[in-house]
Amino acid sequence: MAKRMKTYSTKIKNAVHLLFFQHHRLPGVRGWELKKELGNDWQNVVEVLDKQLQPLDLKVTRVFDEPNIIDPTNAQLSDARYYITMRGTVDQKAAKSIGWRIDDIAGLAVSVAYIISKQGKAPRREIEKILAEKLPGWRAKLNLDKYIQEGYLGEDDQGIVYLDWRSRAEIDQKKLVDLVVSFGRKQLEA
Amino acid sequence: MSSELESVISLCRMVHSGKIEPFDVDFDYIMSVIKKHYPEIKDVREFCLDAQALKEVSTVLENQNKWIAHQSTTLYKDPFMLNQQLINMDIGSLADAFLKSWHPIVEMEQMSSKTLSNSLGYWGDLIPLDERWQEPEVEAKDTRYATRNEVHELGIIPAEGFGEIIEKFWRELGDEAGEGGTIDYWKWIGRDTYEETVYRAYVTVFLVSYGYANIDRNPLLEETMITHLEEPRPNPEQSKVSIPVMVDYEEWKYWRKE
């Protein structure tokens, strides 16, 4: 039993190394990489690690290549990408301290919410137009390029912009849309 | 026929790229256009166009299906209402909404044995600064004259004039494609060496620009054809159309294999 516990704690340490340290150009590791390193019970190991990270306000986040997967198959779990993300959220002060300007964050909120409303993709011109409602015209283009460079948005060769890996990993899309839609109502209720 | 079907294809592609909503397309009208043209198909090109239109229509149906699926999810909110809200909200409220739904990734960058060994290798191969910053040794030399033959041998001036080269190519095209005939672009420019192939592609550009030949591209069959003009028509007033054709090394190797 003691030996088994030791093996399990070693596996959790290995999972920490895999998930916290960047191994590829993009952060996170695929399910199959975890399986290769941790063995067949890798999903249990990840679950235990997730519980241990809770007091530190961190969690293991799983992102599927295809959105809207509710009941994943083993193959989909193997292909999914796993990240360590914050369990809670950050306030404006903390966001500023990690290098984000408030208007940059607002611009990202507008871009992401607009793309969600268009089922995950929209022409770049349309996003620039709606961004220009909040930012000067030149900043709209510049900010859009920044969001693409940082992996929140992607752009194909037809100028169509979509939500990229980082948005899927970091943003609770449903919550964002709910907060935007209920904005005026909450103020009225208050 | 082709223009109507091409419009249908273009309309369907606009749906796929998100420029228009899937249900904004009049599906019955599109099908009536395809049905109307189907009995009139005469050649392979028109048949391919018809097939392409059908394929694009099927992607519209797929997008309509996705649209319904999206509307039935908890993520769906009326796009118009969402956009109005985005416009009405101030910067601070937008940032707040985002931060309440944002869980940033936590990651650490670190040195690994691999990066250390790569760095060591780089350091070992680095030439010392005093060698790298050495001034180039420049030797003063007296200038002298070169004969025309020497300049030709060096390849600075071609042995024949450019007009003559164009005329020679035009006659060669006439021989290969037949007077007023058409030949496949790669069959015309492709030669045993890559250098010669690029040279022929370069001269062909002028052959077309100066009105000695026409170039046509069929995007559906991915074919580019060169047509020999029996009488050169150098007409500077005529509007020019640019057709970029890739003649890179990989493409040439692929052609050679074929």
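Just so it is clear, the model here is predicted, and its values are computed rather than measured.

Asker: Help me understand the nonpolar core, please; the structure alone is not making it clear to me.
Answerer: Nonpolar side chains tend toward joint burial in soluble globular proteins. Grouped together as the largest cluster of nonpolar side chains are 63 residues, with contacts concentrated most on Leu34(A), Tyr82(A) and Leu153(A). The biggest single contributor to this core is helix H6 (residues 102–117) of chain A, with 11 residues. The next biggest cluster of nonpolar side chains, apart from the first, holds 20 residues, and it includes Ile165(B), Ile166(B), Phe169(B) and Ile183(B).

Asker: What is the right way to read the packing of aromatic side chains from this model?
Answerer: The geometry of two aromatic rings is summed up by the distance between their centres and the angle between their planes. Evaluation of the coordinates by the stated rule reveals 14 aromatic pairs over all chains. Centroid distance Trp42(A) to Tyr82(A): 5.6 Å. Interplanar angle 85 degrees. Geometry classified as edge-to-face. Here the residue Trp42(A) occupies a position in helix H3 (residues 42–53), and Tyr82(A) occupies one in strand S3 (residues 81–86), the gap between them amounting to 40 residues. We classify Trp42(A) as buried; its relative accessible area is 3%. For Tyr82(A), a relative accessible area of 3% corresponds to the buried category. Ring geometry for Trp100(A) against Tyr152(A): centres 5.9 Å apart, planes inclined by 80 degrees, an arrangement best described as edge-to-face. Pair noted here: Trp100(A) is in the loop between helix H5 (92–97) and H6 and Tyr152(A) is in the loop between helix H8 (137–149) and strand S5 (153–155), with a separation of 52 residues, a long-range link. In terms of burial, Trp100(A) and Tyr152(A) fall into one category: buried. Aromatic rings pair up to connect Trp100(A), Tyr152(A), Phe98(B) and Trp102(B) into one cluster. Lys146(A) extends its terminal NZ or CZ atom over the ring of Trp100(A), reaching a point 5.0 Å from the ring centre. The residue whose ring lies beneath Arg200(B) is Trp188(B), and the NZ or CZ to ring-centre distance is 4.4 Å.

Asker: Mind showing me how you'd approach the sheet that holds strand S3 (residues 223–228) of chain B here?
Answerer: Hydrogen bonding along the main chain pairs the strands of a sheet, whether they run parallel or antiparallel. Residues and elements named next belong to chain B. Spatial ordering of the open sheet is given by S1-S3-S2, a layout of three strands whose pairing is antiparallel. The sheet terminates laterally at strand S1 (182–184) and strand S2 (213–218), the two strands that pair on one side only. The mean inter-strand angle of the sheet, taken between neighbouring strand axes irrespective of direction, is 25 degrees. Across three bridges, the pairing between S1 and S3 is antiparallel. Its bridge partner being in S3, Ile-183 is matched across the sheet by Ile-226.

Asker: Any chance you could explain the packing of helix H10 (residues 173–181) of chain A against helix H5 (residues 91–100) of chain B here in plain terms?
Answerer: Each pair of packed helices can be described by the angle between their axes along with the distance between the axes. At their nearest, the axes of H10(A) and H5(B) sit 8 Å apart, and the two run at 150 degrees to each other. Taken together, the axis directions place H10(A) and H5(B) in an arrangement best described as roughly antiparallel. Here H10(A) and H5(B) pass one another in a crossing that is right-handed. Taken together, the residues of H5(B) that come into contact with H10(A) (itself represented by Lys175(A), Leu176(A) and Leu179(A)) are Ala97(B), Phe98(B) and Lys100(B). Of the residues in the contact of H10(A) with H5(B), the class split is four nonpolar, no polar and two charged.

Asker: Explain the sheet that holds strand S6 (residues 160–163) of chain A to me, please; I cannot follow it from the model alone.
Answerer: Residues and elements named next belong to chain A. Read across the sheet, three strands follow the order S4-S6-S5 without closing on themselves; strand pairing throughout is antiparallel. If you trace the sheet from one side to the other, it starts and ends with strand S4 (121–123) and S5, each paired once. Averaged over all adjacent pairs, the angle separating strand axes in this sheet is 30 degrees, with direction ignored. Relative to S6, S4 runs antiparallel, the two sharing three bridges.

Asker: Help me understand the side chain of Asp104(A) in this model?
Answerer: Assignment of secondary structure puts Asp104(A) in helix H6. Excluding anything up to four places from it in sequence, Asp104(A) contacts Arg139(A), Asn143(A), Lys146(A) and Tyr147(A).

Asker: Even after reading the chapter, I still don't get the interface of chain A and chain B, so can you show me in this structure?
Answerer: By convention, interface size is frequently given as the accessible area that disappears when the constituent parts associate. Counting residues at the interface gives 58 residues for chain A and 42 residues for chain B. Taking both sides of the interface into account, the surface hidden between chain A and chain B amounts to around 4800 Å²; carbon and sulfur atoms contribute 67%. Inspection of the region where chain A meets chain B yields one salt bridge. Between Lys118(A) and Glu21(B) there is a salt bridge, with the nearest N and O atoms lying 3.5 Å from each other. Taken together, chain A and chain B are joined by 19 residue pairs in polar contact (both at pLDDT 80 or more). Where the side of chain A that touches chain B is concerned, the elements lending two or more residues are S3, H5, H6, S4, helix H7 (124–131), helix H9 (165–170), H10 and helix H11 (183–189) of chain A. Here the element with the most residues in the side of chain A that touches chain B is H6(A); it accounts for 11 residues. The residue makeup of the side of chain A that touches chain B, split by class, is 34 nonpolar, 10 polar and 14 charged.

Asker: Where do I start with a nonpolar patch on the surface in this structure?
Answerer: All names here are of chain B. Nonpolar side chains collect at one region of the surface, where Phe-162, Tyr-199, Tyr-202 and Tyr-210 lie side by side and expose about 410 Å² of accessible area between them. Position of Phe-162 relative to the elements: it lies in helix H9 (residues 162–177). The class for Phe-162 is partly exposed, based on a relative accessible area of 32%.

Calculation notes
- Residues numbered from 1 in each chain as written.
- Chains lettered and ligands numbered in written order.
- Predicted model: local features only at pLDDT ≥ 70, side-chain atom pairs only at ≥ 80, totals over all residues.
- Heavy atoms only, no water.
- Core = buried A, V, L, I, M, F, W, Y, C linked by side-chain atoms within 4.5 Å.
- Buried < 20%, exposed > 50% of the residue type's maximum accessible area, 1.4 Å probe, protein only.
- Helix = DSSP H or I, 4+ residues; strand = E, 2+ residues; numbered from the N terminus.
- Phe/Tyr/Trp six-rings, centres within 6.5 Å; stacked < 30°, edge-to-face > 60°.
- Lys NZ or Arg CZ within 6 Å of the ring centre and 35° of its normal.
- Pairing = 2+ DSSP bridges.
- Axes fitted to C-alpha atoms, helices over the stretch in contact; angles between N-to-C directions.
- Parallel < 35°, antiparallel > 145°, perpendicular 65-115°, else oblique.
- Left-handed = near helix turned anticlockwise from the far one by under 90°.
- Contact = heavy atoms within 4.5 Å.
- Nonpolar A, V, L, I, M, F, W, Y, C, P; charged D, E, K, R; others polar.
- Buried area = accessible area lost by both parts, 1.4 Å probe.
- Salt bridge = Lys/Arg side-chain N within 4 Å of Asp/Glu carboxyl O.
- Polar contact = N/O pair within 3.5 Å; in protein donor to acceptor, adjacent residues only side chain to side chain.
- Patch = residues over 30% accessible without salt bridge, like charges linked within 9 Å, V, L, I, M, F, W, Y side chains within 5 Å.
- Areas by Shrake-Rupley, 256 points an atom, 1.4 Å probe, with all protein chains shown as cover.

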